[in-house]
Amino acid sequence: SEKIHATALIVAEYSHDACHWNLTHTLSDWLKQHNVPGIYGIDTRALTKHIREQGAMLGKIVPAGAAESSVPQVNPNDLNLVAEVSLKEPRLFVSHAPPRQGKDGKRMRILAIDCGIKANIIRYFMSK
């Protein structure tokens, strides 16, 4: 996938002072731009332990002052998540690195079936 597929962000700490040299916009700006709710000040270790002990559960982040009914409840079990993040049609990637030869002397080729493959895996193969 070429983009982040986050539906929400939960963090223990958030710095309002963004100062990375390569920064183009803040995390808060990115979340707003992509309509992704976020919350900080959460004990994420306790949350992880709770989920581990109780199992995955539905949840939603409701902004302060908003009615709970104003935020739809999304059930990922009702969605085809693989279809949402997979390529819709075959895609050919051509490496500009010198071709590698197999044991038979022919150029090696790699076939990847996308069921959620990470873009970095493709970048890695393209560099070899």
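Residues numbered from 1 in each chain as written. Predicted model: local features only at pLDDT ≥ 70, side-chain atom pairs only at ≥ 80, totals over all residues. Heavy atoms only, no water.

Draft legend 1. A look at the overall build of the protein chain. From N to C terminus, the protein chain includes four helices and two strands. When its helices and strands are written in sequence order, the protein chain yields β-α-β-α-α-α. Expected size for 128 residues packed as a compact globule is a radius of gyration near 14 Å; at 21 Å, the protein chain overshoots this value by more than 25%. Across its three principal directions, the C-alpha atoms of the protein chain cover 65 × 40 × 30 Å. In the protein chain, 59% of the contacts between residues at least 6 apart in sequence involve partners at least 24 apart. With an accessible surface of roughly 11400 Å², the protein chain has 56% of that area assigned to carbon and sulfur atoms. (Helix = DSSP H or I, 4+ residues; strand = E, 2+ residues; numbered from the N terminus. Rg over C-alpha atoms; globule rule 2.2 N^0.38 Å. Contact = heavy atoms within 4.5 Å. Areas by Shrake-Rupley, 256 points an atom, 1.4 Å probe, with all protein chains shown as cover.)

Draft legend 2. Molecular detail of the packing of aromatic side chains. According to the stated counting rule, one finds two aromatic pairs in the structure shown. Arranged with centres 5.8 Å apart and planes meeting at 35°, the rings of Tyr 14 and Tyr 40 form a pair that is tilted. With Tyr 14 in the loop between strand S1 (9-11) and helix H1 (27-33) and Tyr 40 in strand S2 (residues 38-40), this pair connects stretches of sequence that are 26 residues apart. Looking at Tyr 40, the relative accessible area reads 48%, which means it is partly exposed. (Phe/Tyr/Trp six-rings, centres within 6.5 Å; stacked < 30°, edge-to-face > 60°. Buried < 20%, exposed > 50% of the residue type's maximum accessible area, 1.4 Å probe, protein only.)

Draft legend 3. Up close: the environment of Leu 31. Locating Leu 31 in the fold gives a position in helix H1. C-alpha of Leu 31 to C-alpha of Thr 7: the two residues are 24 residues apart in sequence and 9.7 Å apart in space. Setting aside chain neighbours within four positions, we find Leu 31 in contact with Leu 9, Val 36 and Gly 38.

Draft legend 4. Here's a closer look at unusual backbone geometry. Despite not being glycine, Asn 35 shows a phi value in the positive range, around 55°. By the secondary structure assignment, Asn 35 is in the loop between H1 and S2.

Draft legend 5. Structural context of a nonpolar patch on the surface. Taken together, the side chains of Ile 10, Ile 39, Leu 47, Ile 51 and Met 57 define a hydrophobic patch exposed on the protein surface, amounting to about 380 Å² of accessible area. The topology assignment puts Met 57 in the loop between helix H2 (44-54) and helix H3 (81-85). Exposure remark for Met 57: the relative accessible area of 47% places this residue in the partly exposed category. (Patch = residues over 30% accessible without salt bridge, like charges linked within 9 Å, V, L, I, M, F, W, Y side chains within 5 Å. Salt bridge = Lys/Arg side-chain N within 4 Å of Asp/Glu carboxyl O.)

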